[in-house]
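Coordinate inspection notes
Spelled out, the chains give:
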There are 4 protein chains.
Amino acid sequence: MRARTRRHSDLAIALLILVAGGSSAAQDRPRARDLGVPFDGRPGALNAITDVRGVEVGHSTIILGQGPLVRGEGPVRTGVTAVLPRGKVSDEPVFAAWFSLNGNGEMTGTTWMEDSGLLEGPLMITNTHSVGVVRDAVIAWRLRKAGPDHEGFAWSLPVVAETWDGYLNDTNGFHVKEAHVFEALDRSSGGRVVEGNVGGGTGMICHEFKGGIGTASRLVDTGPGSYRLGVIVQANYGLRRQLRIAGAPVGAEITEGAVWREEQGSIIIVIATDAPLLPHQLKRVARRASLGLARMGSTSGNGSGDIFIAFSTANAGAAGSRGLAGAQVLSNDLLDPLFEAAVQATEEAIVNALVAAETMTGRDGRRVAALPHDRLREVLKKYNRLTEK
Amino acid sequence: MRARTRRHSDLAIALLILVAGGSSAAQDRPRARDLGVPFDGRPGALNAITDVRGVEVGHSTIILGQGPLVRGEGPVRTGVTAVLPRGKVSDEPVFAAWFSLNGNGEMTGTTWMEDSGLLEGPLMITNTHSVGVVRDAVIAWRLRKAGPDHEGFAWSLPVVAETWDGYLNDTNGFHVKEAHVFEALDRSSGGRVVEGNVGGGTGMICHEFKGGIGTASRLVDTGPGSYRLGVIVQANYGLRRQLRIAGAPVGAEITEGAVWREEQGSIIIVIATDAPLLPHQLKRVARRASLGLARMGSTSGNGSGDIFIAFSTANAGAAGSRGLAGAQVLSNDLLDPLFEAAVQATEEAIVNALVAAETMTGRDGRRVAALPHDRLREVLKKYNRLTEK
Amino acid sequence: MRARTRRHSDLAIALLILVAGGSSAAQDRPRARDLGVPFDGRPGALNAITDVRGVEVGHSTIILGQGPLVRGEGPVRTGVTAVLPRGKVSDEPVFAAWFSLNGNGEMTGTTWMEDSGLLEGPLMITNTHSVGVVRDAVIAWRLRKAGPDHEGFAWSLPVVAETWDGYLNDTNGFHVKEAHVFEALDRSSGGRVVEGNVGGGTGMICHEFKGGIGTASRLVDTGPGSYRLGVIVQANYGLRRQLRIAGAPVGAEITEGAVWREEQGSIIIVIATDAPLLPHQLKRVARRASLGLARMGSTSGNGSGDIFIAFSTANAGAAGSRGLAGAQVLSNDLLDPLFEAAVQATEEAIVNALVAAETMTGRDGRRVAALPHDRLREVLKKYNRLTEK
Amino acid sequence: MRARTRRHSDLAIALLILVAGGSSAAQDRPRARDLGVPFDGRPGALNAITDVRGVEVGHSTIILGQGPLVRGEGPVRTGVTAVLPRGKVSDEPVFAAWFSLNGNGEMTGTTWMEDSGLLEGPLMITNTHSVGVVRDAVIAWRLRKAGPDHEGFAWSLPVVAETWDGYLNDTNGFHVKEAHVFEALDRSSGGRVVEGNVGGGTGMICHEFKGGIGTASRLVDTGPGSYRLGVIVQANYGLRRQLRIAGAPVGAEITEGAVWREEQGSIIIVIATDAPLLPHQLKRVARRASLGLARMGSTSGNGSGDIFIAFSTANAGAAGSRGLAGAQVLSNDLLDPLFEAAVQATEEAIVNALVAAETMTGRDGRRVAALPHDRLREVLKKYNRLTEK
């Protein structure tokens with residue numbers, strides 16, 4: 001009966017969360033390097049954004065129903081991903097900056113980030129039509145944390161980004177609820193990051209293969225200090241024919257299963273580092289995400305929301321100060337290794353998203369195939385770009 | 001019982017809307033000119049943003065309860081204001097641009113406005129913590145309009161701005177609901193615009209007097225054409241001591257009732273014109289709102305979200321085209337009268353907000369007094385700035 | 001003979017410099033405060049940008065000939081003004097940022113300032129058509145300073161701004177030479193700053209009165225520290241009818257001697273502070289110059305190049321570091337007094353320029369009258385804005 | 001005697017011009033496509049920016065002396081390149097926009113381009129320390145053109161960009177003179193564009209091979225119209241190890257002759273199209289140059305001035321109007337082929353610069369080798385990326 005099922009009951013949501021959480025934990029697919037894709041630079045221990053100490057990532061994945069689309073009922077293939085710069089233990093802001101390569105998307109909170117130089121609170125990624133509910137839920141979550149006797153934050157301007165999953169998901173059904181936002185935030189953790197069809201990336205499509213969440217990292221030596229730089233992406237952009245991996249024309253070689261004729265998607269790229277960068281330097285780092293994306297063959301189509309953010313976990317005292325505080329500043333002359341790391345880790349995070357995502361069937365029986373690992377290896381070999389183990 | 005009243009029933013909301021709508025319609029207070037405040041330039045027939053043909057404004061005002069704050073229960077002093085560039089009859093976009101004088105605020109949708117040069121759909125203004133619900137509700141409203149057989153818009157990136165009303169309102173109670181958003185949109189109309197404690201402006205405070213919604217307009221002659229330029233503001237910014245009206249130091253003269261020590265507020269300024277301006281020209285117009293605001297004595301404090309938008313209702317064909325279309329373009333050499341009009345109308349709209357707003361008592365018995373009209377006239381007279389009728 | 005006089009001989013330039021320098025030193029005209037113009041805030045000891053310790057200002061003034069314009073021969077009414085953030089003793093950069101309220105002007109070097117967060121070297125102001133010669137001469141000056149055995153700077157991207165003096169000056173005659181640039185730089189000093197018809201301001205016009213160089217400063221208390229903020233302007237903007245001083249409609253009262261019908265000019269505003277601000281914070285300070293300018297009645301016409309720069313002399317170690325260095329950072333929450341000081345000092349610096357400038361006759365016998373001090377006092381008195389001593 | 005030779009006599013300059021012009025005309029080296037480098041998209045007839053009708057390019061090349069550096073005497077390896085959007089026959093502006101990927105460089109005139117949406121006059125490219133002389137000379141050239149009875153332009157804000165050639169050239173000797181600027185402008189023409197060691201590109205270095213000027217174009221079909229998009233670059237950026245051509249790791253394969261350890265250079269990228277784009281759309285096109293550059297392996301180092309400009313020759317009436325004029329506007333929905341063309345033509349123009357440039361010996365006997373064509377073909381073959389004819 002339609003009336004009864006129109007909105008998921010809380011129980012259904014809870015069950016859903018269990019299932020999604022369970023499947024997320026079971027990632028055992030290889031990553032891009034395991035397949036022999038060559039990359040430059042030296043990754044961190046996890047090859048993930050969580051190599052930057054303190055950074056936590058949490059997902060809430062919502063997969064429900066199948067068959068024809070009934071708006072408000074499903075099928076649902078969506079979710080929320082949370083990135084907490086200093087984890088759940090700290091509300092202290094981080095120095096941050098953002099950049100829009102192509103603005104057909106949303107990232108709330110950027111106007112204040114631009115002026116304050118700060119990211120205050122978590123960074124959330126979801127689907128296009130759920131940005132609002134996620135935004136307000138972040139405020140509710142922060143108020144809840146602040147305890148009953150405390151008014152909490154006078155005001156919050158949460159940062160919520162999105163990409164569009166309407167090809168597979170009932171995106172106009174508004175299935176993301178406050179509970180999913182709380183789940184993504186509460187479950188966030190350091191350590192290994194689940195990639196592929198999870199969280200905000202659940203229903204995403206990349207170069208007309210199944211896309212989603214991907215991550216990577218680099219270790220950087222700048223002279224006065226060694227730093228970590230990590231990237232997480234929600235990859236939902238690109239045409240098949242444009243896809244290049246490690247310089248090989250993969251999209252021209254693997255042509256089957258193309259989904260559309262013009263770019264429908266977007267990509268959100270989040271860069272974290274523990275290098276002591278100031279906001280104006282982080283803006284330059286954020287801009288480099290463009291160059292990593294370009295290596296994949298993207299020309300950043302009109303319909304794409306290619307929006308990037310970079311933050312530094314260093315200088316906690318200065319970023320969170322209400323008075324006068326000391327900060328460490330890295331000379332501009334030493335930024336090149338960080339720029340290079342941002343480009344490399346962006347490139348690898350995207351390939352990781354493609355490699356991790358599994359074939360998905362969504363609304364109206366629409367099916368988006370995963371990038372076939374064997375075919376990828378064949379193409380890399382053809383172009384002498386396969387790294388043999 | 002607390003549980004029962006924690007969220008307003010739909011009935012309560014409906015009643016509320018009736019009451020608020022009723023009181024809004026009863027505006028018979030004088031406007032700034034009626035009090036003898038001198039302004040430069042020539043206003044339109046209504047001296048309102050609706051002098052720009054096609055523009056519609058709608059309010060949903062939520063006033064409920066009194067006494068101590070109980071989060072989620074009230075007291076409630078908030079609302080939503082909708083500005084529809086081409087009215088309810090047209091979904092066609094308008095050329096638009098935005099500017100942030102100080103970014104401690106939110107205006108969603110600006111990243112796409114920047115790249116597209118378009119405002120696609122209505123512009124909404126509400127309180128800081130209700131931006132999300134309003135944003136998603138605009139999508140729902142557009143989907144509803146598109147009819148049952150039609151999937152509606154592939155994706156929407158609504159433009160929603162805000163100022164903070166937490167001094168008078170239970171802003172952390174999230175009292176704005178989808179129904180309020182629909183009401184503001186459905187009730188929008190041309191003609192006279194209700195000012196003061198209405199819509200998004202309900203609980204706002206300006207220069208430590210009661211603030212809210214204000215509007216004004218100018219007729220502009222540029223040589224090849226005569227145009228209209230209108231402004232609407234949600235005024236919630238400023239310290240008392242800084243207030244200047246028509247150059248007179250009103251804030252230094254009327255010192256009683258000061259509310260706070262440092263700037264807590266913000267101002268959203270919306271500029272409409274029927275002059276055929278392109279997006280890069282509209283950005284220059286939006287920037288001029290700063291200069292009108294400055295005439296009031298503002299120094300745009302760190303805590304203020306002073307965010308402005310300008311749009312042109314001309315060139316409907318070009319703004320909404322999916323192909324190649326013709327547009328009229330006004331030479332940069334002819335922009336000066338429009339720049340001047342933007343400054344003048346911004347200044348007058350703010351004074352109109354101050355003059356229209358009535359004393360309000362909100363949460364915890366907090367009271368914010370209206371600007372006393374007689375005292376204002378006395379100060380203007382003292383500084384030889386009173387226009388006698 | 002025309003050929004002989006077409007370009008000034010070096011001797012003529014030397015003589016000129018002596019004369020100009022001599023007259024400059026003899027400034028004994030009152031400043032705005034001396035005339036009873038009321039201002040808010042507390043000025044520094046000199047009420048000049050040089051109240052910020054280390055900042056030096058130097059002028060080279062070129063006044064030559066009279067009568068009809070012969071391009072390349074004169075009459076000449078122009079010059080160069082140099083602002084050295086750390087004086088001649090130090091080449092260390094300062095943290096800096098810029099803002100363009102209206103871009104019909106030039107400030108070279110801003111692209112690198114934006115990314116580096118630094119002003120490396122002096123800031124120069126001259127006339128529109130001499131920006132190039134001044135720019136390259138700054139490089140030559142820096143190379144000369146670096147000594148014969150040293151290659152000097154690998155590359156320099158000097159910051160040179162301008163306003164247009166073609167109404168009084170043979171601006172197409174390219175009369176500014178390398179020697180003038182060296183003179184302005186070499187003569188720079190702390191202490192009292194000569195205002196009015198000097199340096200880059202020599203031939204400038206403001207609100208259709210004679211304009212030029214003006215300066216002012218404020219002392220700022222932010223809690224953890226007391227700071228100085230100083231402003232210097234090259235004022236060449238505005239229509240007569242728009243002029244307001246201290247809120248009084250001076251331009252509407254003193255109407256004689258209007259020069260043109262639409263805005264022809266520009267204003268360069270330079271803000272210095274010793275508060276430890278980072279580049280993204282300095283950008284916010286620079287933007288406040290708009291608000292000081294607006295208090296004068298400006299609507300920033302299409303023809304105006306209203307370009308502003310703000311720098312901080314604090315954090316010399318971090319700004320000049322080639323490695324990892326410590327910096328002091330002031331919380332955003334403490335910026336309001338600095339924002340207010342920037343607005344106030346901008347306003348006062350402009351009025352000081354108007355008050356200091358003397359009536360000048362230039363090319364083709366064109367005469368631009370100074371703002372008459374007695375008339376100004378009368379108008380202020382009429383509007384009850386005269387501060388009696 | 002040093003004094004005599006310190007500045008080149010006019011005769012020397014004239015001779016120099018003859019020689020340089022002669023050698024420029026003799027370009028018979030193959031272009032990238034001739035060597036079998038694969039590119040996507042369809043080039044125009046000339047595969048040059050001059051495929052966009054009306055666009056003219058002119059070079060002035062200055063090569064003089066050899067041996068040890070004596071500042072002011074040489075050796076000289078520099079020049080000026082002029083790009084005239086509507087050729088010498090028209091002073092009408094074009095709609096234009098710019099973008100800075102990394103701002104360690106100069107492009108004058110951008111502040112006005114940003115606000116006006118116009119490029120008024122030619123676009124010049126030279127070496128870093130000659131930007132000033134070139135800028136002022138453009139004004140002089142425009143004044144000269146306007147004739148003796150005419151005052152010419154009230155003011156000009158020329159657009160002059162640069163990259164740094166100090167490794168090979170006596171860049172601190174200021175060898176570019178007004179005469180060279182006039183030459184580049186007067187000699188500009190449509191048709192074939194000389195590439196490599198010419199004009200502003202004379203002394204440039206790219207990925208540690210000899211660099212310089214390169215060009216390419218694409219034909220674009222957008223549905224309602226077919227358009228041309230052309231690119232010209234002055235390529236002076238990049239590390240050897242980062243160089244990729246057509247996805248092949250050319251820099252990792254051809255390692256000999258590396259010049260430096262960190263990025264010293266820059267790249268100026270100029271994009272022309274006859275598609276009727278508005279300024280805000282051209283900004284998006286300019287931004288795409290980043291993506292073409294990224295395909296070459298660049299990570300846009302801190303020392304690089306990677307500054308891009310895009311202009312449209314369409315809508316001459318609207319761009320140059322002083323009143324109200326009609327314009328054609330292409331929907332955002334149709335931009336993708338132009339974005340793709342901008343990326344592709346940027347990539348090919350850079351490879352063309354590398355392929356055209358010849359080995360050069362400059363100051364202090366420093367030698368920079370050209371990219372060896374045979375080695376390039378070998379590497380492409382190794383990675384299965386060689387297009388056999």
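Before going into details, it helps to say that this report is about the structure given with it.

Thresholds applied
Residues numbered from 1 in each chain as written. Chains lettered and ligands numbered in written order. Predicted model: local features only at pLDDT ≥ 70, side-chain atom pairs only at ≥ 80, totals over all residues. Heavy atoms only, no water. Least-squares fit on C-alpha atoms with pLDDT ≥ 70 in both. Contact = heavy atoms within 4.5 Å. Core = buried A, V, L, I, M, F, W, Y, C linked by side-chain atoms within 4.5 Å. Buried < 20%, exposed > 50% of the residue type's maximum accessible area, 1.4 Å probe, protein only. Axes fitted to C-alpha atoms, helices over the stretch in contact; angles between N-to-C directions. Helix = DSSP H or I, 4+ residues; strand = E, 2+ residues; numbered from the N terminus. Parallel < 35°, antiparallel > 145°, perpendicular 65-115°, else oblique. Left-handed = near helix turned anticlockwise from the far one by under 90°. Nonpolar A, V, L, I, M, F, W, Y, C, P; charged D, E, K, R; others polar. Pairing = 2+ DSSP bridges. Salt bridge = Lys/Arg side-chain N within 4 Å of Asp/Glu carboxyl O.

Concerning the relation of the copies chain A and chain B
- Of the two same-sequence chains, chain A is brought onto chain B (RMSD 0.0 Å, axial shift 0.0 Å) by a rotation of 180°. As the rotation angle and translation indicate, the two copies are arranged about a two-fold axis. Across chain A, the rotation axis passes nearest the C-alpha of Gly 132 of chain A, at a separation of 1.7 Å.
- Comparing interface residues between copies, 100% of those in chain A also lie at the interface in chain B; the contact surface is shared.

Considering the nonpolar core
- Ile 245 of chain A, Ile 245 of chain B, Ile 245 of chain C together with Ile 245 of chain D are the most contacted members of the largest nonpolar core, which has 268 residues in total.
- Look past the residues within four positions of Ile 245 of chain A in its chain and what remains in contact with it is Val 37, Val 250, Met 296, Val 351, Leu 371, Leu 376 and Leu 380 of chain A.

What to know about the relation of the copies chain A and chain C
- Each copy of the sequence occupies a distinct position, and chain A is placed on chain C by a rotation of 180° and an axial shift of 0.0 Å, giving an RMSD of 0.0 Å.
- Of the residues that chain A buries at the interface, 100% are likewise interface residues in chain C, meaning the two copies contact each other through the same surface.

A word on the packing of helix 7 (residues 279–295) of chain A against helix 9 (residues 336–356) of chain A
Residues and elements named next belong to chain A.
- For the pair helix 7 and helix 9, interaxial distance at closest approach is 7 Å and the crossing angle is 45°. Taken together, the axes of helix 7 and helix 9 are oblique relative to one another. The chirality of how helix 7 crosses helix 9 is right-handed. Here Arg 284, Val 285, Arg 288, Ala 289, Leu 291, Gly 292, Leu 293 and Arg 295 of helix 7 come into contact with helix 9, specifically with Phe 339, Ala 342, Val 343, Gln 344, Thr 346, Glu 347 and Ile 350.
- Of the residues in the contact of helix 7 with helix 9, the class split is eight nonpolar, three polar and four charged.

Thoughts on the sheet that holds strand 1 (residues 56–64) of chain C
All names here are of chain C.
- Strand order in this open sheet of four strands is 1-2-5-6, and the pairing throughout is mixed. A single partner strand is all that each edge strand has here, and the edge strands are strand 1 and strand 6 (159–163). Averaged over all neighbouring strand pairs, the angle between strand axes comes to 15°, with direction disregarded.
- Bridging between strand 2 (residues 76–84) and strand 5 (residues 123–127) involves three bridges; their strand directions are antiparallel. Note that in strand 5 the partner of Ala 82 across the bridge is Met 124.

Considering the pattern of salt bridges
Residue and element names in this part refer to chain B.
- Applying the stated rule across the entire model yields 88 salt bridges over all chains.
- Between Arg 375 and Glu 378 there is a salt bridge; the shortest N-O distance is 3.7 Å. Taken together, the positions of Arg 375 and Glu 378, both in helix 10 (residues 373–382) and three residues apart, correspond to about one turn of that helix.
- A relative accessible area of 24% places Arg 375 in the partly exposed class.

Note that every value here comes from positions in space, so none of it alone points to a role or purpose.
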